[in-house]
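Next come the chains, spelled out residue by residue.
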Amino acid sequence: MKATALAHPNIALAKYWGKRGDGHNLPAVPSLSVTLAGMRTRTTVEFVEGLAADELRLQGAVAAVGRVADLLDRVRRMAGVPLRARVDSTNDFPTSSGLASSASAFAALALAATRAAGLSLEPAALSDLARRSSVSSARSVFGGFVALRAGRAGDDALSAEVVAAADHLDLRVVVAVTHEGSKAVGSSEGMRHTVLTSPYFAAWVAHAPSLYARLREALLRGDLEALGVAAEESALAMHASAIAAAPGLLYWSSATVAALEQVRALRARGLAAWATIDAGPHVKVLTTSSDEPRVIAAMEQVPGVLRTIATRPGDGARLDEDPAA
Ligand code: DP6
C-alpha cells in the first residue's frame, strides 16, 4: 500500500490560462509544453490502517492537504480502498514560485497514489486523473513535447498526449530565477481573477488556438526559431490578459523585465534565445545546446537574477524503484 513516484515540471510553450466555466477543471485554451529534466518532484504515498485523516508533508514540513485529499478521494473511489494516506513530497526546486511545482506535484501524486492503492492506470487515465486536480499536471505525466487540447462542452475525461519525443528538437531551457519565496497569487486564483475581470480574456481565448497551431507546426517541422517566436508571443499574450484584469495582475518584477530585455539583446546578437514566463517572476529562456553556455552567462549578469537552472526535455512520470537513493 506504498509507492514512490518521480515527475518533472513542464513549461508551457503555448500557455494554458483560464478554465471553462463548467466546473470540471477543463482548460479554455489548448496548450503545448515540454517536460523538463533538471527539476524534479519525488512523492511517496502510503495508505495506512487506522489513520484518521490524510496527512501531507511538503519539503519535510506538515502542510494543508487541500487539493491532495481530493485526488486521494478519487483514487479511493476507483480502487475501493477506504484507508487514509500519508503523503510525503519534495521538490529539488523552489515550490509555489512560478516554477510549475503543481504540475510535477500532481503528476507524481497521481502515479504514486494509484500504485499504492493497487491500481495500474494507462498513461491517458493517469493524465486525466492529474488534470482534474491541476490542468498543467496532465502534461507532466508524459515526457518530451506534450499537448492538451481545450475542454469542450460535455467533456468528461480529458488527457494530454505526446506530440514529439524529448530528443525531437535540440532545445535547452535556462531558468533565470529571480525570487526564492512563494508567489503572491497562485495560478488557479490568478486565472480565475483574469476570467472574471479582464476585458482581454475573451481576446486571449480567441487568439490562443492560432498560437498553439503555429507552435505545434513549428515543432513538428523542427523549426526552433518559429517555435521560439510563437512561445514568446503566447507568454506575453497570456500576461497581457492578466495585466488587464481589475485590479491588474502583474507577476513580473523589475528583474523579470530586465531578463526579458536581455533575451531580446541576445537575439539581436544572433543567439537562439526566446523568453517564456509563467505565473511568477522567473524568465525561462529557450535556446540550443550550443548557445546554452552563453545564454547562462548572460542571464546571470542580469541585475536581480539570483541564479540559473539548466534544463532540457525529459521523461514523464515514473515509479521510483529506489526511493532511499
Ligand atoms: C501559467 O495548471 O497550475 O503555468 O489548473 O488551476 O492547477 P490549475 O492551474 P495550473 O496553471 C498553469 C498556468 C501556467 C501555464 C501553463 O502551464 O500552461
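Above this text sits the structure in question.
Throughout what follows, the structure given in this document is the object of discussion.

Conventions we followed
- Residues numbered from 1 in each chain as written.
- Predicted model: local features only at pLDDT ≥ 70, side-chain atom pairs only at ≥ 80, totals over all residues.
- Heavy atoms only, no water.
- Pairing = 2+ DSSP bridges.
- Helix = DSSP H or I, 4+ residues; strand = E, 2+ residues; numbered from the N terminus.
- Contact = heavy atoms within 4.5 Å.
- Axes fitted to C-alpha atoms, helices over the stretch in contact; angles between N-to-C directions.
- Near = heavy atom within 4 Å.
- Polar contact = N/O pair within 3.5 Å; in protein donor to acceptor, adjacent residues only side chain to side chain.
- Areas by Shrake-Rupley, 256 points an atom, 1.4 Å probe, with all protein chains shown as cover.
- Nonpolar A, V, L, I, M, F, W, Y, C, P; charged D, E, K, R; others polar.
- Parallel < 35°, antiparallel > 145°, perpendicular 65-115°, else oblique.
- Left-handed = near helix turned anticlockwise from the far one by under 90°.

### A look at the sheet that holds strand β6 (residues 61-63)
Across the sheet, which stays open at both edges, the 6 strands sit in the order β6-β5-β7-β4-β1-β14 with mixed pairing between neighbours. A single partner strand is all that each edge strand has here, and the edge strands are β6 and β14 (318-319). Contacts from helix α1 (residues 66-79) reach β4 (41-48), β5 (55-58) and β7 (84-91), with the element oriented near 130° to β7.

### Things to note about the site of the ligand
Near the ligand, the surroundings consist of 17 residues, among which Lys19, Ser134, Ser136, Arg139 and Ser188 are the closest. Between Arg139 and the ligand, the recorded distance is 2.7 Å, taken from a side-chain N or O atom to an oxygen atom. The protein chains hide 96% of the 460 Å² of surface that the ligand would expose on its own. Broken down by element, the residue count for the shell around the ligand peaks at 3 residues, all from helix α5 (residues 187-197). Here the shell around the ligand is built from residues that sort into 7 nonpolar, 5 polar and 5 charged.

### Quick word on the packing of α1 against helix α2 (residues 101-116)
Where α1 meets α2, the closest approach of the two axes is 10 Å, and the angle between their N-to-C directions is 30°. By the angle between their directions, the pair α1 and α2 is classed as roughly parallel. Judged by the sense of rotation from one axis to the other, the crossing of α1 with α2 is right-handed. On α2, the residues that touch Arg67, Val68, Leu71, Leu72 and Val75 of α1 are Ser102, Phe106, Leu109, Ala110, Ala113 and Thr114. Among the residues forming the contact of α1 with α2, the class breakdown is 8 nonpolar, 2 polar and 1 charged.

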